[in-house]
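Residues per chain, in single letters:
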Amino acid sequence: MFAQVVFPLPFRNTFTYSVPDLLKETVQTGVRVVVPFGKRTLTGFVIDTSDTTDIKEKIKPIRDVLDDQPIFTKESLKFYEWISEYYISSLGEALKNSVPYGSDVESKKTIVGDKDFSQELYVKEKNKNSTKAKLLKAFTEKEVYKISQLQKVVNKKSIYSTLNTLQKIGAVTVLNQIEDAKVRVKKVKFVKLTKTVDEVLQHMPEIEKKSAKQTVILLELISNKEHEIQQSELLKKTKTHSATVASLIKKELVIVFDKEVERVYEEQYSEEIKDHKPTDDQQKIIDEVGKQIDNSKFQSYLLHGVTGSGKTQVYIELAKKALSQNKSVLILVPEISLTPQITSRFYNNFGKLVTVMHSRMSIGERYDSWRNIIAGKYRIVIGPRSALFAPLKNIGLIVVDEEHDSSYKQFDMGPKYHARDAAVLKAHFSNCPIVLGSATPSVESMYNAEAGKFTLLELKERVDNAKLPNIKLVDLTIEKKNRKLENSFSQPLISAIKDRLDKKEGIIILQNRRGFSTQIYCEDCGTIHMCPDCSVPMVHHIDKNIVQCHYCGIVQPVPRACNNCGSIKLKFFGTGTQKVEEELEYYFPEIKIERIDSDSISKKNKLSSILTRFKSGEIDVLVGTQMVSKGLDFSNVTLVGVISAETTLWLPDFRADERTFQLLTQVSGRAGRSKTEGEVIIQTHNHKHFVLQKVLQNDYHSFYKNELALRHNGKYPPFTRLCLIEFKDETERKAIESSKEFYSIIKKYENKLEITPPSPAAIAKLKAQYRYQILIKSSRKTDPNGKFLRNAVLNSYIDYNQKAKFKDVRILIDIDPQSVL
C-alpha cells in the first residue's frame, strides 16, 4: 500500500510513501502522517492511497499516523484544491488551515555553540556587522539556540550557509531534534466506586468508626449520579488528601483511573433567553432560504438589512431548520469582538451543540473543540475567518455576518484567501445555501446581486418599532473658530454626553486609533519620531509611558529629545483612544469608562466582562476603535460620538471611501436600538464630503452608485480582478532588483493585463523589510474567472525562480487584495 502525501510548504509536489503493515488500517485519505523528509521529520496530509506505484527508487515508509478519523474526505478535498489553485499556493499550505496550531510533529534544528572558540573567532572577525560576526557574538553569550532565535538575532532568514561554514570549522554543531505536538488530549484522574451503593453502605458502619475522612469521600461518591468524580475536585470538596483515597483503594471500594476531559472555552458574557417571533419580513427570508436547506441546494443570498433589523434572529431560525434535518451550520463573524453576543444568542437557542473557534482560546481549547467537531458532538461552529476550515460534516447552512468586513481577508501568510469568497465556494461544494449579511454590503457583493449571481434579500425596517438614529455632522474647523472645541471634543458632543449621563443612558465613542498620541514631532527640525524598522510614526502609550510601533510591535522609552537634532522641543500630536478616555475622565470625573481596543482586551474574557458590565449599566461610556462599530447590540445605547471621521478617509487606497462609509454607518447603528431614539454626532474637518453626506442621509444606494462609477473609471473591482505581488528584503537594493526582474518576465502578458511597473509600497518598510510592489489588473470582460491572470502570475513566478539573482528575497502573491497599502 502507498500513500500520496503533501506538506504545508510552498511547493506543489506530491510525495509517495509506503505504508507499513501495522499502519494499513489507519492510513486513509484525510489523515495526517509523520514521515521522513530529507534529513527532517515532518507532518504531511494523505490526499490519496494506492496499491501500486510507478516509482522505481527506494520509497521511504510512513512512521506514524496522527489522526483516528479523517480531517477531510475526497469530496471536501475539492474545496482545498480550489483554495490552492485560486490563491496560488501549494495544496499542503491550504490544508494547513484545516488543523489547529500545535498539533503537528516535526524536527527542528537546534544549534549548539562553543563559547570560547566563538569568542576567539569573533575577535578576529574584521566586519562586526557581518552575519558571521553576529552569529559568533550570539554564541559568546549563550550556547544553545533554536534556528528561529538565531534568525531574529541577526534579523535575517538565510543563515544556513553561514552556519554550515561555522560547523565545518567546529564553532557550532547543528542538531535535528524531533519535537512532539505542542498539544495533546487532556487526561485527569477520576475516583470511582467499585461496588454497588448497597454494598458500599454495608461497609459504612465499620469505616465510620475508624475514619471520618473516608466516610465523607464515600458519601460524596454515592451522591454523584455517575458515582465518579475528578480526584482533585473530590479532595477539594471533602477537604481530604490522596492518602485517604489510597486507603479506600486498599479496601477495594474505589479505583482511580485516567479519563479524557474536554477543555471548553466559556464566554463570561450572557444574555437572557428571549422568545423572538420573526416579523413578516424576516419570515419571508426564512421561507425563501429554508427551501434551499430543504432541497440541499446551493444558492448565494445577500441579506441587506439596516442596523438593528434582526439579521441574527434570521440566522438562528435558519439554523433551527438545518439542525432539524440533521445538518450542521457554520457562522462566520469578522472579529472576536462579535463572538460574545452572537455566541450567547446561539447558546440560548442550541445549548451544547454550539462551539466557538478563535485565537483567544488556549491551544488546548481549540484542539478539543476541533476534535469534537470531527466526532460530531458540535453541529454549529461560530468564529472568524479561520473557522471556515472547521471540519464540519453535512453542512446545511453557511452564514457570513458583516460580509463587507476587511478582516475576512487573510493578510499575513499564504494562502491569502478571502473567507467570504471562499465560503461561497464551500457552500457550492457542500450543496447548501449561503447568506451574506450586512447593513453596508461591499461594492462587489451588491454588484454580484445586481448581476444575478447573488439573490438580494432586504430588511428595511428595525425591529420593535425602533427608529434609525438622528445623525449630525459637526465641522471642527467652524467649532475651533467659534472657540467651541475642547481638545478632542466639540461643544455639541460634550453637551450630548452630559445629557445622556444625566438620563443614565449608554454612550459609545469611536476613535479608530490606538494609543495616546499618534505622532511625536520636533518643533525645531520638523522630524517625526519614526519606528526604526517601519516607515510609520511611533505611537505614545501613556498608561505604560512608552512609544510603540503598531506594525512590528517594537517598544521604546518615551524620547526626551529629538533623535535627529537633540532639541527638547517635542510636541505630541494626534488623538488615540487613550487620550479620548483621559479627556472624558477630566470632563466627567465621576463616570465609569472602559476602553475596547486590541491593547485593552488582550486578556482572556476581558471583552466579555466589559460587555456584561456595560449591559448592566455599571459602565457609562465605551471608548474604542472600529471594534465598537461591529455587531454590538445594547438597547440602552442612545448616543454614539465619532471623534474624527477622517481616520480612514484620507488613506491612499481605492477602498478608503467605502471603508469610511461602512465604519461610520455601522457605528451609527449602535444607537437607538429600542424605543428611545438614538443620536449620532460625527466630528469632521470636511462636512461637505460626499461620503459623509451619504452617511448623514443613511443613503447606501446613492453611495454605492457613486462608488461604482469611480471604480469603473479607475479600473478597480468589481470590473477588474487584482493581483498584488510584493517583494520583501532587509536590503532595499535586492527588493528593487527582484521586483524589476519579475516585471521583465511578466511584461510579456501586458497585451491582456494592465501591469504597473515596480514601485515602493505606501508603507515602504515594515518589520525591517523593504517592500516593493507590482499591481496587476485583469478585466472581467476578457478574463471572467481570472484564470488567465493566475496562469500568467504562476508561470512568471516559476520562470523567475529558475533565473532569480536573489533567491532569498521573499515574494508574496495576493489575489484579490483588500488593500494596496
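Residues numbered from 1 in each chain as written. Predicted model: local features only at pLDDT ≥ 70, side-chain atom pairs only at ≥ 80, totals over all residues. Heavy atoms only, no water.

Visitor: Would you mind going over the pairing of strand β35 (residues 769-779) with me for this structure?
Guide: Where a strand is regular, its side chains alternate between the two sheet faces. Within β35, nine of the eleven residues are buried, which leaves it mostly tucked inside the rest of the structure. Here strand β32 (residues 720-729) runs beside β35; their pairing, made up of ten bridges, is antiparallel. The residue bridging F727 from the neighbouring strand is Y772, located in β35. Here two bridges tie strand β33 (residues 754-755) to β35, and the two strands are oriented antiparallel to one another. Paired with E754 across the two strands is K777, which belongs to β35. Judged from the four bridges that link them, strand β34 (residues 759-766) and β35 form a sheet pairing that is antiparallel. From the neighbouring strand, L766 faces β35, where its bridge partner is Q769. Where β34 folds back onto β35 in an antiparallel hairpin, the turn is made up of two residues, including K767, whose phi is positive at roughly 50°. (Buried < 20%, exposed > 50% of the residue type's maximum accessible area, 1.4 Å probe, protein only. Helix = DSSP H or I, 4+ residues; strand = E, 2+ residues; numbered from the N terminus. Pairing = 2+ DSSP bridges.)

Visitor: What's the story with the packing of helix α8 (residues 212-223) against helix α10 (residues 242-250) in this structure? I'm lost.
Guide: To characterise two packed helices, one gives the angle between the axes of the helices and the distance between these axes. Running from N to C, α8 and α10 point in directions that differ by 80°, and their axes come no closer than 10 Å. Classified by the interaxial angle, the pair formed by α8 and α10 is roughly perpendicular. Across the interface between the two elements, K213, Q214, I217 and L218 from α8 touch T244, V245, S247 and L248 from α10. Looking at the contact of α8 with α10 residue by residue, the class counts come to four nonpolar, three polar and one charged. (Axes fitted to C-alpha atoms, helices over the stretch in contact; angles between N-to-C directions. Parallel < 35°, antiparallel > 145°, perpendicular 65-115°, else oblique. Contact = heavy atoms within 4.5 Å. Nonpolar A, V, L, I, M, F, W, Y, C, P; charged D, E, K, R; others polar.)

Visitor: Help me out: how do you make sense of the packing of aromatic side chains in this one?
Guide: Given two aromatic rings, one states the distance between the centres and the angle between the planes to describe the pair. Tallied over the full model, the rule gives 31 aromatic pairs. Ring geometry for F190 against F257: centres 6.1 Å apart, planes inclined by 35°, an arrangement best described as tilted. Within this pair, whereas F190 is found in strand β9 (residues 187-193), its partner F257 is found in strand β11 (residues 254-260), the two being separated by 67 residues in sequence. Each ring, one from F661 and one from F703, has its centre 4.4 Å from the other, and the planes form 0°; the classification is stacked. Here F703 lies in helix α23 (residues 700-714) and F661 lies in helix α21 (residues 656-668), a separation of 42 residues in the sequence. An identical accessibility class is assigned to F661 and F703; each is buried. (Phe/Tyr/Trp six-rings, centres within 6.5 Å; stacked < 30°, edge-to-face > 60°.)

Visitor: How should the sheet that holds strand β7 (residues 144-146) be read in this particular structure?
Guide: Within a beta sheet, neighbouring strands are joined by backbone hydrogen bonds and run either parallel or antiparallel to one another. A sheet is described by the order of its strands in space; here three strands give the open sequence β7-β6-β8, paired in antiparallel fashion. The open sheet is flanked by β7 and β8 (172-179), the only strands paired with a single partner. Across the sheet, the mean angle from the axis of one strand to that of its neighbour is 30°, orientation sign disregarded. As paired strands, strand β6 (residues 106-113) and β7 are joined by three bridges and run antiparallel to one another. Along β7, the bridge assignment pairs T110 with K146. Packing against the sheet, helix α5 (residues 147-154) makes contact with β6 and β7, and its axis sits at approximately 90° to β7. With respect to the sheet, helix α6 (residues 160-168) is in contact with β6 and β8, its orientation differing from that of β8 by roughly 120°.

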